[in-house]
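Take a look at the letters that make up each chain.
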Amino acid sequence: MDVVRLSDTVAADLESRILEGSLRAGERLPSERDLAGTLGVSRPSLREALQKLEAKGLVRKRQGGGTVVTDRLQASFVDPWREMLSDNPDLQHDLLEFRHMLEGEAARLAAERANDVDLAQINAAFETLEHAYACDDLNACIASDVAFHQAIAEASHNVLIAHLSASLHRLVHGHVARNLEYLHEKADQWSSLRAQHRAIWQEVVARAPARAASAAHRHILFVRSTMGESAREATRLERARRRIRGEPAAAL
């Protein structure tokens, strides 16, 4: 009969906390003494558990002391795809198609599964986003936009959705920022974007799964359309600048 070591149980507990997002990438774990006390285990058992997680690449010892959660679950997805997207612009369509599926399902599940703690987090994220809109603070809007969608993804209580959502936001951060900068100059579209976030929030907190998914889908379709417009406008601007500089047209 196999005997389960205490360190294996502790490692599994900490790994579950990393997967569910209660221990986040970059977060420093409590001191060895405090963490051992919280978990009710000896420090040698905790050390052995942390070594197991370090071998998996989920935590690392920080220079100067302490242990932090790594971003391996996100980086292993983001790093190869970032270069692919840079080299193959046509993949943007596929990425937005994937976001359409992922964010729609995240909103649907959040509307079904969110508990009071989740709803408080979603409400706080939405209030922060609304404040950024009210202050017309573009940088705050970019950050709080991501935080709002991530709060919904985490409320889905599906660890893959939560981690893929975080990974996608890292992957497309530059594109999202450029698109929001573009929309910020278009009053009607900026207002539409704000209304879309409110619609997603309303349907999730109303616990209306189908309507929440539809609101998220409409939002991504809007993003897809405006990103196309933004790219075309950037191309036209670059052509105009080349004409002014007197540069020859690119060979066909």
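Here, residues in each chain are numbered from 1, in the same order as that chain's written sequence. Totals for whole chains, interfaces and linings use every residue, but because this is a predicted model, local features are given only for residues with pLDDT of at least 70 and side-chain atom pairs only at 80 or more, for both listing and counting. The side-chain values count all of the structure's non-hydrogen atoms but skip hydrogen atoms and water molecules.

A. Summary view of the pattern of salt bridges. A side-chain nitrogen of Lys or Arg and a carboxyl oxygen of Asp or Glu constitute a salt bridge if their distance falls within 4 Å. For the structure on display, the rule yields 14 salt bridges. We note a salt bridge from Arg 17 to Asp 13, for which the minimum N-O separation is 3.2 Å. Pair noted here: Arg 17 and Asp 13 are both in helix α1 (residues 6-20), with a separation of four residues, about one helical turn. Of the charged contacts, one joins Glu 130 and Arg 194 as a salt bridge, the two residues approaching to 3.1 Å between their closest N and O atoms. Here the residue Glu 130 occupies a position in helix α6 (residues 116-134), and Arg 194 occupies one in helix α10 (residues 187-205), the gap between them amounting to 64 residues. Burial here depends on accessible area, computed with a 1.4 Å probe over protein chains only, as a share of the maximum for the residue type. Under 20% is buried, over 50% is exposed, and the range in between is partly exposed. Exposure remark for Glu 130: the relative accessible area of 15% places this residue in the buried category. A run of H or I in DSSP counts as a helix once it spans at least four residues, and a run of E counts as a strand once it spans at least two, with each numbered from the N terminus.

B. Geometry of the nonpolar core. Formed by 43 residues in total, the largest nonpolar core has its most connected members in Ile 122, Phe 148, Ile 152, Leu 180, Trp 190 and Val 204. Taken together, the elements giving at least two residues each to this core come down to α4 (72-87), α5 (91-113), α6, α7 (138-155), α8 (159-171), α9 (173-184), α10 and α11 (209-245). Here the element with the most residues in this core is α7; it accounts for eight residues. By definition, residues are in contact when any of their heavy atoms lie within 4.5 Å. For Phe 148, the residues in contact, after removing those within four places along its chain, are Ile 122, Ala 125, Phe 126, Leu 129, His 197, Ile 200 and Trp 201. In these notes, a set of buried Ala, Val, Leu, Ile, Met, Phe, Trp, Tyr and Cys residues joined through side-chain atoms within 4.5 Å is what counts as a nonpolar core. Judged by nonpolar contacts, the second largest core, of 17 residues, contains Ala 11, Ile 18, Leu 39 and Ala 49.

C. Broad picture of the side chain of Glu 203. Within the secondary structure, Glu 203 is located in helix α10. Judged by its relative accessible area of 18%, Glu 203 falls in the buried class. For Glu 203, the residues in contact, after removing those within four places along its chain, are Ala 111, Ala 208, Arg 211 and Ala 212.

On their own, these measurements won't tell you what the molecule is for.
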